[in-house]
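Overview (structure and organization)
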Amino acid sequence: MSIKHNASDAELIKECKKGDLKHQEMLYKRFYAYAMGVAMRYLINKDDALVVVNDAFIKAFNALHTFKDDLEFKPWFRKILVNTALDSKRKNLKYIHDSEIPEVFQQTMYPSAIEKLSAADILNLMKQLPEIHHVVFNLYEIDGYSHKEIGLMLNIPESSSRTYLTRAKQALQKLIQSDLIKI
Amino acid sequence: MNTLDDKFSNHIKAVFEEFDTEGADYGWAELRKDFPSKSSHKPLYLWLSGIAASLLLAGVFLFNTNNNDSFKNVSQQNNTAKATPIAPQKTDSNLDKATNKEINTFDKKIVSAKIVKGIAPANLEEKQLIPVSITDTIINSNEPGRDSANLLANVVAVKPDSVKTTKPTILEFLQKENEKENKPVLASAGKKAREDKKNALFDVYTATFLNYYADNPVKVNAGAGFNANIRINKNVYLSMGAGISETNITYQSSVPSSLSNLSSSAADAALINGYVVGANGTKLDARFLNIDIPVAVKFYPGKSGKYYLSTGVNSSTYLNQKYSSSISGFNPYSNSYSDFKGKTEESNFKGFDFANSAIFAIGINQSLGKSSTLTFEPFFKPSLRGYGDKNIKINTAGLNLKLSLGGKK
């Protein structure tokens with residue numbers, strides 16, 4: 001089978017389901033950057049993110065026969081990615097009691113400041129949060145999971161998920177402010 | 001605030017949606033190291049070779065042990081013969097020559113003479129019988145009531161000058177002794193044979209045991225096999241054997257890192273179907289159909305032989321290994337739970353784990369007639385190295401019921 005470099009996702013996936021390595025390589029390279037983006041939001045470190053990305057791709061290739069052709073690959077793959085990233089982080093995710101969470105006062109977030117943030121800036125900001133804060137922030141704000149789902153995924157009470165999110169946002173606002181002052 | 005929150009979140013989404021990074025070629029090269037997974041199934045012949053080598057080693061050990069016993073017996077006999085050769089050495093008859101030859105030659109003839117004596121008919125000619133009788137006398141010189149050589153030695157010692165004159169008397173005496181002892185000799189041969197049997201007792205056993213690890217659920221399993229018990233000395237036996245057993249364990253906590261791949265495969269199956277999974281909701285099952293090769297030392301503290309303490313190690317090889325995972329997923333839209341099965345890994349005729357668990361046991365023997373014994377043996381086998389490809393740690397506690405046939409301690 002000749003390889004079309006402009007093949008659609010559906011065509012690629014159809015060939016990948018047959019176990020064709022060349023098409024799997026194409027699929028990998030097509031979604032590599034996206035996958036790294038998702039993984040780095042959780043792992044921050046590029047090397048760790050690559051390990052997660054490769055794990056997720058292997059899982060996806062192995063589970064591709066369960067993938068329904070009428071669905072989009074990206075959301076399906078993102079679920080695997082997020083779960084793989086969480087798996088690799090679970091050891092480090094420490095449940096923080098509410099009393100241990102420092103109170104951060106509400107601050108104003110400037111829209112203009114937000115627009116200036118690059119991927120590196122965002123990762124730098126997240127790095128400064130407690131791990132569980134930035135994981136909850138990612139899960140809720142970026143990947144769209146509910147607090148109930150997050151509670152199940154991280155084995156924490158739903159209320160804790162809400163608290164971590166609030167704290168994460170407050171901390172991020174503060175960090176953005178201080179970064180702007182430096183600028 | 002919400003608008004700004006949304007703006008912030010949307011900006012992050014947009015930034016990472018368009019995230020661009022190099023390294024796809026490197027990443028693919030890295031992935032290819034693990035994908036497609038290379039089959040680690042070793043050929044069947046390697047597994048069989050391992051089993052054959054183990055059995056060969058066990059056989060060689062058994063053979064050597066038995067040979068050493070024979071050697072020890074004959075050496076003792078030879079030493080005894082050298083220590084008490086007074087009467088035969090002081091004569092120059094054919095009897096003396098034959099006897100000296102028998103005594104001084106440490107070869108298989110002695111053993112064969114020993115064997116012949118037990119079945120020699122009583123009406124054999126004197127010259128055939130005498131050496132056999134003397135050999136027998138010397139061999140059994142430690143046994144009370146049958147020590148004619150010592151008796152002769154005593155006679156000679158008391159009357160050293162009368163050796164020559166007593167020669168015909170000695171012959172007659174020996175002949176009579178032989179006739180007298182012909183029946184006891186046969187009886188003693190039977191006794192000797194029983195003693196030989198005691199040097200290697202065999203038993204068959206069935207085992208019922210509980211497998212557990214950490215705070216995971218306890219599983220009941222069973223097995224059966226046989227043992228050979230080789231006597232090291234009066235109170236110590238070396239027990240070796242082989243048995244087949246089924247070993248199951250379910251992990252719900254303290255999951256070994258070697259099973260993490262299976263764990264995430266179950267979670268993936270749930271996620272792919274739109275379910276959310278809990279962090280600790282995965283169940284992992286490990287199942288082995290294994291051949292156990294226990295090697296233990298049994299110590300009988302008393303003379304009665306009713307109790308023993310045993311300690312050793314167990315090694316295992318696997319007819320079948322199966323690892324599987326499952327997880328309960330939550331569907332937030334239908335507010336329902338559903339179970340999902342993850343990847344199953346299975347292999348046949350693979351692996352050998354030397355000393356994967358220790359053995360501690362106490363045996364209580366119960367006599368069942370003249371030559372059979374039923375033994376109740378509670379045991380504990382703490383994990384040392386883990387079972388199978390995934391090094392699954394399993395502690396085992398249970399009870400062996402052993403039936404020993406053809407001999408007693």
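Note that the structure is predicted; figures quoted are calculated from it, not measured. (Residues numbered from 1 in each chain as written. Chains lettered and ligands numbered in written order. Predicted model: local features only at pLDDT ≥ 70, side-chain atom pairs only at ≥ 80, totals over all residues.)

**Describing the overall build of chain B**
Applied cut-off: Secondary structure elements are defined from DSSP: runs of H or I of at least 4 residues count as helices, runs of E of at least 2 residues count as strands, and each element is numbered from the N terminus. Burial is judged by counting the other C-beta atoms within 10 Å of a residue's own C-beta: 20 or more makes it buried, 12 or fewer makes it exposed, and any count in between marks it as partly exposed, with every C-beta position built from the backbone. By the convention adopted here, residues make contact when the C-beta atoms placed from their backbones lie within 7 Å.
If you tally the helices and strands in chain B, you get ten helices and eight strands. A buried classification covers 31% of the 409 residues belonging to chain B. Residue pairs in contact within chain B that sit at least 24 positions apart in sequence constitute 68% of those at least 6 positions apart.

**Quick look at the interface of chain B and chain A**
To keep things clear, this is the line we draw: Residue polarity follows a fixed list, in which Ala, Val, Leu, Ile, Met, Phe, Trp, Tyr, Cys and Pro are nonpolar, Asp, Glu, Lys and Arg are charged, and the others, Gly among them, are polar.
Across the contact, 33 residues belong to chain B and 44 residues belong to chain A. If you list the elements that add at least two residues to the side of chain B that touches chain A, you get α1 (2-17), α2 (24-32), α10 (260-272) and β4 (276-299) of chain B. For the side of chain B that touches chain A, the element with the highest residue contribution is α1 of chain B, accounting for ten residues. When grouped by side-chain class, the residues that make up the side of chain B that touches chain A number 18 nonpolar, eight polar and seven charged.

**Some points on the environment of N155 of chain A**
Of note, N155 of chain A is situated in the loop between α8 (147-154) and α9 (158-182). Sequence-wise, N155 of chain A and R90 of chain A are 65 residues apart; in three dimensions their C-alpha atoms are separated by 9.9 Å.

**Overview of helix α6 (residues 119-127) of chain A**
Residues and elements named next belong to chain A. The following threshold applies: Relevant arc is that of directions from the helix axis to the C-beta atoms, nothing else.
Taken together, the buried positions of α6 are occupied by I122, L123 and M126. The buried residues of α6 occupy an angular sector of 100 degrees when the element is viewed end-on, so they sit on one face. Every exposed residue of α6 that faces more than 90 degrees away from the buried side is listed here: A120 and K127.

**Some remarks on the pairing of strand β6 (residues 336-367) of chain B**
Residues and elements named next belong to chain B. What counts, and what does not: Pairing between two strands requires that DSSP report at least two bridges joining them.
Alignment of strand β5 (residues 307-331) against β6, held across 22 bridges, turns out to be antiparallel. Of the residues in β6, the one forming a bridge with F330 is Y337. The pairing of β6 with strand β7 (residues 373-381) spans six bridges and is antiparallel. Paired with I364 across the two strands is F376, which belongs to β7.

**Some points on the pairing of β7 of chain B**
All names here are of chain B. Along β7, the buried face is formed by T373, T375, E377, F379 and K381; none of L374, F376, P378 and F380, which line the opposite face, is buried. Counted between consecutive antiparallel strands, the loop separating β6 from β7 contains five residues, among which G369 sits at a positive phi close to 85 degrees. Bridging between β7 and strand β8 (residues 395-405) involves nine bridges; their strand directions are antiparallel. Within β8, the residue paired with E377 across the bridge is N400.

**Section: the nonpolar core**
The condition is simple: One nonpolar core equals one set of buried Ala, Val, Leu, Ile, Met, Phe, Trp, Tyr and Cys residues connected by C-beta atoms within 7 Å.
Core analysis: the biggest nonpolar cluster contains 81 residues, and A35, A39, V53, L81 and V136 of chain A together with A270 and V277 of chain B have the highest contact counts within it. Examining the composition of this core, we find that 13 residues originate from one element, helix α2 (residues 21-43) of chain A, more than from any other. If near-sequence neighbours (up to four positions away) are discounted, L81 of chain A is found in contact with A35, V38, A39 and A56 of chain A.

**Brief notes about helix α3 (residues 46-63) of chain A**
For clarity, the threshold we go by: To estimate how far a helix should extend, the number of its residues minus one is multiplied by 1.5 Å.
Given a rise of 1.5 Å per residue, 18 residues ought to cover 26 Å, and the 25 Å separating the end C-alpha atoms of α3 of chain A matches this to within 8%. Along α3 of chain A, the residues classified as buried are A49, L50, V52, V53, N54, D55, A56, F57, K59 and A60 of chain A. Those residues of α3 of chain A hidden inside the fold are in contact with α2 and α4 (73-89) of chain A together with α2 and α10 of chain B.

**With respect to the confidence of the model for chain A**
Residue and element names in this part refer to chain A. Keep this limit in mind: One confidence number per residue, pLDDT, is output by the predictor and ranges from 0 to 100.
When pLDDT is averaged across chain A, the result is 83; 84% of the residues are at 70 or more. Mean pLDDT values for the elements of chain A range from 75 in helix α5 (residues 111-116) up to 93 in α2. Every residue in residues 103-107 is under pLDDT 50, and counting partners more than four places away or in other chains gives eight contacts.

**Brief notes about unusual backbone geometry**
Cis geometry is found at the peptide bond from F35 of chain B to P36 of chain B, where omega equals -10 degrees. Following the sequence through the fold, P36 of chain B ends up in the loop between α2 and α3 (44-83). Non-glycine residue I44 of chain A carries a positive phi angle of around 70 degrees. The topology assignment puts I44 of chain A in the loop between α2 and α3.

**Points about the environment of A200 of chain B**
Residues and elements named next belong to chain B. By the secondary structure assignment, A200 is in strand β1 (residues 200-212). Placed 37 residues apart in sequence, A200 and Y237 show a C-alpha to C-alpha distance of 8.8 Å. Among residues more than four places away in sequence, those in contact with A200 are A228, N229 and I230.

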